[in-house]
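Structural description and commentary
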Amino acid sequence: VQLQASGGGLVQAGGSLRLSCAASGSGLSIKAMGWYRQAPGKQREPVADIFSGGVANYADSVKGRFTISRDNAKNTVYLQMNSLRPEDTADYYCKAKVLTGLSFYDYWGQGTLVTVSS
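Reference entry: report on the structure contained in this document. Keep in mind that what you see is a predicted model, and the values were worked out from it rather than measured. (Residues numbered from 1 in each chain as written. Predicted model: local features only at pLDDT ≥ 70, side-chain atom pairs only at ≥ 80, totals over all residues. Heavy atoms only, no water.)

Thoughts on unusual backbone geometry
Condition: A run of DSSP states H or I qualifies as a helix once it reaches four residues; a run of E qualifies as a strand once it reaches two. Both are numbered from the N-terminal end. Relative accessible area decides the class of each residue, using a 1.4 Å probe on protein chains only: under 20% of the type maximum gives buried, over 50% gives exposed, and in between gives partly exposed.
Positive phi values are uncommon outside glycine, yet Asn75 reaches one of about 50°. Here Asn75 shows up in the loop between β7 (66-71) and β8 (76-81). In this structure, Ser83 takes a positive phi of about 50° despite not being glycine. Among the secondary structure elements, Ser83 is positioned in the loop between β8 and β9 (90-100). For Ser83, a relative accessible area of 41% gives the class partly exposed.

Brief notes about the layout of surface pockets
Rolling a probe over the atoms, with the probe sized like a water molecule, indicates the empty space that remains. Short version of the rule: Grid points spaced at 1 Å over the protein atoms alone were grouped into cavities, where a 1.4 Å probe fits but cannot get out, and pockets, open sets with protein on both sides within 12 Å along at least five of seven lines, with lining residues defined by an atom within 4 Å of a point. Grid points are joined across faces, edges and corners, and a volume is the space filled by probe spheres set on the points. Basically, the charged four are Asp, Glu, Lys and Arg, the nonpolar ten are Ala, Val, Leu, Ile, Met, Phe, Trp, Tyr, Cys and Pro, and anything else, Gly included, counts as polar.
By volume, the largest pocket is sized at about 170 Å³. Taken together, 15 residues form the lining of the largest pocket, with Gly34, Tyr36, Ala48, Asp49 and Lys95 sitting closest to its centre. Elements with a minimum of two residues in the lining of the largest pocket: β4 (30-38), β5 (45-51), β6 (56-58) and β9. In terms of residues, the lining of the largest pocket owes the most to one element, β5, which gives five residues. Within the lining of the largest pocket, the residues separate by chemical class into 10 nonpolar, two polar and three charged.

Thoughts on the environment of Phe66
Quick reminder of the rule: Whether two residues are in contact is decided by their heavy atoms, any of which lying within 4.5 Å being enough.
Its location among the elements puts Phe66 in strand β7. By relative accessible area, Phe66 is classed as buried at 3%. It is 8.4 Å that separates the C-alpha atoms of Phe66 and Ala48, two residues lying 18 residues apart in sequence. With sequence-adjacent residues up to four places away left out, Phe66 is seen in contact with Arg37, Val47, Tyr58, Leu79, Gln80, Met81, Asn82, Leu84, Asp88 and Tyr92.

A word on the packing of aromatic side chains
The test is simple: Any two rings among Phe, Tyr and Trp, with Trp reduced to its six-membered ring, count as a pair given centres within 6.5 Å; such a pair is stacked if its planes are under 30 degrees apart, edge-to-face if over 60, and tilted if neither. Two conditions define a charge sitting above a ring: the NZ of Lys or the CZ of Arg must be within 6 Å of the ring centre, and it must be within 35 degrees of the ring normal.
This structure, assessed with the given rule, holds one aromatic pair. Aromatic pair Tyr36 and Trp108: ring centres 4.9 Å apart, planes at 65°, arrangement edge-to-face. With Tyr36 in strand β4 and Trp108 in strand β10 (residues 103-108), this pair connects stretches of sequence that are 72 residues apart. Taking NZ or CZ as reference, Lys31 lies 5.1 Å from the ring centre of Phe104, over its face. Sitting over the face of the ring of Trp108, Arg44 holds its NZ or CZ atom 4.8 Å from the ring centroid.

Digging into the sheet that holds β8
Quick note on the threshold: For two strands to count as paired, DSSP must find a minimum of two bridges between them. Convention adopted: a line fitted to C-alpha atoms gives each axis, helices being fitted over their contacting stretch, and angles between N-to-C directions are expressed from 0 to 180 degrees.
The four strands are arranged β1-β3-β8-β7 in an open sheet whose pairing can be described as antiparallel. Looking along the sheet, the strands with just one partner apiece sit at the ends: β1 (2-6) and β7. Shown here is a sheet whose adjacent strand axes are inclined to one another by a mean of 15°, direction ignored. By the bridge criterion, six bridges tie β7 to β8 in an arrangement that is antiparallel. Looking at β8, one finds that Ile68 is bridged to Leu79.

Pasting the structure below:
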């Protein structure tokens, strides 16, 4: 299973970015996909996740500003980020919980850097 994230960049405060993450592999059965972020000197933290049925969860810090969505047919998850703040600056990582054999395993994509200037 490989995850390919894209969409990061430099944006001014108040701006928007859209991240994408596509999972590839044969016969994928993905239970959930999500985004985490890690700012310099800080631990990686969850941002949002979405289950195959469409239920989504958000960190309090991004509620009302970020929207996660998923295209199950394409095994792709998106993160629409609006009203960006300097404190949103971080490497953003996508994660997929994939059924492998009889168990679910977490797979991670490479980070995509989001920089918000004040």
